[in-house]
Amino acid sequence: MNKIKVNYKDEMAYYDMAFFLKKYVNKDTIIICIGTDRCIGDCLGPLVGSLLNHKGFPLDVYGTIHHPIHALNLEKNVNDIKSKHPKGNILAIDACLGDINSIGQLHCRDYAIHPGKGVGKVLPDVGDISIVGIVDSSDNSELFTSRNIRLSLIIDMARVIVQSLFHVLSLDIENDISLESIERNFI
C-alpha cells in the first residue's frame, strides 16, 4: 500500500498528487466524492465533485453539493455506480479526521477509503484509490461539527484536489481524454 502526504499550502501539492495518481487514473476512472453539504467539515468531497463538474472534468464524477453521497445513501449509490461502470476503477475522495498537526494534509493512496470510520460509523469501503483531506483533529469531541473548521480551509483544499486531477490527465496523453478540454479548464 502506497501513499503520499502533502500540505494544501505547498505550491507544488497539486503536482505531487498528480504525479502519484498518474499511474492509477485513466479514461475508465470514476470519481466518487463522499460527504454532505450539511456540515462544513464533511463537505470537502461534494465541493470537489461540484467544482469538477462545473469546470467540465472529462471523467464521470458522482457526489456533489446538490447530489451528495453520504452515510445514508452511500451503499446504494456505490452499487449503482459499479453496475453502471463495471470496468471502471474508482477514485474516492473524502474528508477525514487526524492528528491536530496533520490538519490541511491531503493524502493520495492506492487503496480504498473507509468512510465514517473517524466518527464511529460502519460503512462499506469505497474506491480502488483515494484522496483524503484532514480537516480537523480526531481529538475534537464534536467530530465534523466543530465551529473551528473554516470554510476557507475546505475550499482551498478542494481547489488543490481539483487542480491535481486536471493536471494528472495532462501528464498522460495516452488517456484518450481531450487535452483541449483539460487545458481550457485547468485552474
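Heads up: the structure comes first, above all this text.
Before going into details, it helps to say that this report is about the structure given with it. Because the structure is a prediction, the values reported are computed rather than measured. (Residues numbered from 1 in each chain as written. Predicted model: local features only at pLDDT ≥ 70, side-chain atom pairs only at ≥ 80, totals over all residues. Heavy atoms only, no water.)

**Some thoughts on the overall build of the protein**
Then, number 1: A count of helices and strands for the protein gives 5 helices and 6 strands.
Then, number 2: The linear arrangement of helices and strands in the protein, starting from the amino end, is β-α-β-α-β-α-β-β-β-α-α.
Then, number 3: The 187 residues of the protein split such that 51% are buried.
Then, number 4: Contacts spanning at least 24 positions in sequence make up 71% of the contacts within the protein whose residues lie at least 6 apart.
Then, number 5: Here the protein displays about 9,600 Å² of accessible surface, and carbon together with sulfur accounts for 48% of that area. (Helix = DSSP H or I, 4+ residues; strand = E, 2+ residues; numbered from the N terminus. Buried < 20%, exposed > 50% of the residue type's maximum accessible area, 1.4 Å probe, protein only. Contact = heavy atoms within 4.5 Å. Areas by Shrake-Rupley, 256 points an atom, 1.4 Å probe, with all protein chains shown as cover.)

**Regarding the side chain of His 107**
Then, number 1: Relative to the helices and strands, His 107 is located in strand β5 (residues 105-109).
Then, number 2: Under the relative-accessibility criterion, His 107 is labelled buried at 8%.
Then, number 3: Polar side-chain contacts of His 107 include one of 2.7 Å to the side chain of Gln 105.
Then, number 4: With near-sequence residues (within four places) excluded, His 107 lies in contact with Lys 3, Ile 4, Lys 5, Ser 130, Ile 131, Val 132 and Ile 134. (Polar contact = N/O pair within 3.5 Å; in protein donor to acceptor, adjacent residues only side chain to side chain.)

**Focus: the packing of aromatic side chains**
Then, number 1: Tallying each qualifying case throughout the model produces 3 aromatic pairs.
Then, number 2: Relative to Tyr 24, the ring of Phe 20 lies with its centre 5.5 Å away and its plane at 45 degrees, an arrangement referred to as tilted. Per residue, the accessibility class of Phe 20 equals that of Tyr 24, and both read buried.
Then, number 3: Here the aromatic rings of Phe 57 and Phe 166 are separated by 5.0 Å at their centres, their planes lie at 85 degrees, and the arrangement is edge-to-face. (Phe/Tyr/Trp six-rings, centres within 6.5 Å; stacked < 30°, edge-to-face > 60°.)

**Comments concerning the sheet that holds strand β1 (residues 3-7)**
Then, number 1: If you walk across this open sheet you meet the 6 strands as β1-β5-β6-β4-β2-β3, and the pairing is mixed. Pairing within the sheet leaves two strands with one partner each, and these edge strands are β1 and β3 (60-62). Between one strand axis and the next, the sheet turns by 20 degrees as a mean value, whatever way the strands run.
Then, number 2: Note: β5 against strand β6 (residues 129-137), 4 bridges, orientation antiparallel. Residue pairing across strands places His 107 opposite Val 132, the latter belonging to β6.
Then, number 3: Helix α3 (residues 74-84) rests against β2 (29-33), β3 and β4 (89-98) of the sheet, and its axis sits at about 170 degrees to β2. (Pairing = 2+ DSSP bridges. Axes fitted to C-alpha atoms, helices over the stretch in contact; angles between N-to-C directions.)

This is a description of form; function is not addressed.
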